[in-house]
Each structure stands twice: as C-alpha cells, then as structure tokens.
Amino acid sequence: MKFDVLIVGGSVAGMSCALVLGSAQKKAFVQNKSIAVLAHQRASALQDGLYNNAYGIPAGTLGANLLTESIQHLKNTYPHILCIENEKVVKVAKNEDQTYTVFTNKENQYQTNILILATGNAAMHIDGLEEYVIPHQKSIPEKNRIQLKNTDHKVAHNLYVAGTLAGHRSQLSIASGSGAMVATDVLVVWNEGKETHAHDSIKK
C-alpha cells in the first residue's frame, strides 16, 4: 500500500497533524493525496493525564478519553484519511528514490512519499532511525529521554518529526502545535513551496 503521507503515532502530535491535513482536502494540490495514520499509541503519556490547562479542551478531560475521541473525530470528520489501528511500527527503511518503507509488527509493509514520526519520545523503538537519535535536549538527563535530530521538525528529505520526539517539552498544547506545524510544512511542499495553511471558516 502506497501513501503520499504516512503519520506514525495516534496521540496528540500525530492526530493534530492528521486533522490539519484532513481540513485541507478541498485545496487543489491536496485532493488527490493519500494520507494515513498508524494510530497504535499504547504508551502515550495522555493515558494518565487530567487536563485543566489546555486551550479549547474542557477542564477535567481525561487523557485516556481524549485518545479515543480524537481518533473518532478524525474518522468522522475526515474519512478520506485512513486510520490504521492495532499495528506498531518496528522498522523504517529509506528507499533509493527518497521515499520510505514502513514495517509493522503485523508483518505489513507500507510505502510512503513523506513519513512523519509522532510516537512520543518514550515509545520510539524503531529500527532504521538510529543515526538520528540523540538525547532529549529539554528533558532532565535522569529520564533518559531521546529525540530525533531535526531542523524545524525536518529530520531528512521527506522525513519529519513532531511532538516530544522532535525535542519539545511534554505539554499537550505544545505537542498539538508541533503536529500542526508539520502538517502545514507538508502543505507548503505540495503547494510547490508557496506558503499556505488550512482552516475552515463560517464565511465559506
């Protein structure tokens, strides 16, 4: 199966990225793009979270509920985005044409032109990415957290990272914004380098 974009990670950064890409579906340069999310995220820090300080999220929201609700939100609002559940990425290989092959624990392989990694820095154990792994620059050393080397979320050609794995602090609003930033960077690539963004309006 081949995609234009494959997002790995079904928590805050990954879902935020997917939602922004989904909302751009009416743009001419997006309409024929195939997008998928590998939403396996059992190790998400959201699972134990209680959110009273995240913009736009009702106080008292449980992170465990937010995990399942955000996936359902994506499926209901942007059904053209494929949500692949119950599969975990175990290996990534770069192809000669600068695309990527993603291998999962279900022995499935997925090809993608652009790969976005948003697994969280505690859950990232994926073969093939070792050259990019460094200690997390905004976490205390005792936690042994890691991140991927990147410049403004870009790790390598057609390879992006979002959320704590990009080196951000573990804060819901930060992870969400990071995922959205990566999505708009992808939209700019698809728009031949012209600045763009995606949001809906009651005026349209």
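Residues numbered from 1 in each chain as written. Predicted model: local features only at pLDDT ≥ 70, side-chain atom pairs only at ≥ 80, totals over all residues. Heavy atoms only, no water.

## Section: the packing of aromatic side chains
Here the structure, examined in full by the defined rule, presents 1 aromatic pair. Here Phe3 and Tyr110 contribute two aromatic rings whose centre-to-centre distance is 6.1 Å and whose plane-to-plane angle is 35 degrees, an arrangement assigned as tilted. Of the two residues, Phe3 sits in strand S1 (residues 2-8) while Tyr110 sits in strand S8 (residues 109-117), which places them 107 residues apart along the sequence. In this structure, Phe3 and Tyr110 share a single accessibility class: buried. (Phe/Tyr/Trp six-rings, centres within 6.5 Å; stacked < 30°, edge-to-face > 60°. Helix = DSSP H or I, 4+ residues; strand = E, 2+ residues; numbered from the N terminus. Buried < 20%, exposed > 50% of the residue type's maximum accessible area, 1.4 Å probe, protein only.)

## Observations concerning the side chain of Ser178
Relative to the assigned elements, Ser178 resides in helix H3 (residues 172-190). Relative accessible area serves as the criterion here: at 2%, Ser178 is assigned to the buried category. Among the polar contacts listed, one links the side chain of Ser178 to the backbone nitrogen of Gly163, at a separation of 2.8 Å. Excluding its chain neighbours within four sequence positions, the residues that come into contact with Ser178 are His153, Ala162, Gly163 and His168. (Polar contact = N/O pair within 3.5 Å; in protein donor to acceptor, adjacent residues only side chain to side chain. Contact = heavy atoms within 4.5 Å.)

## Comments concerning the pairing of strand S7 (residues 100-104)
The side chains of a regular strand alternate between the sheet's two faces. Taking burial as the measure, the 5 residues of S7 include 4 buried ones, the bulk of the element. With 5 bridges connecting them, strand S6 (residues 89-94) and S7 associate as antiparallel partners. Each residue of the ladder has a partner; that of Ala93, found in S7, is Thr101. Here S6 folds back onto S7 in antiparallel fashion, the turn holding 5 residues, of which Gln98 has a positive phi close to 70 degrees. (Pairing = 2+ DSSP bridges.)

## Observations regarding the pairing of S8
The pairing of S1 with S8 spans 6 bridges and is parallel. When the bridges of S8 are listed, Lys2 appears paired with Gln111. Note that S7 and S8 share 4 bridges and pair antiparallel. If you follow Tyr100 over to S8, its bridge partner there is Thr112.

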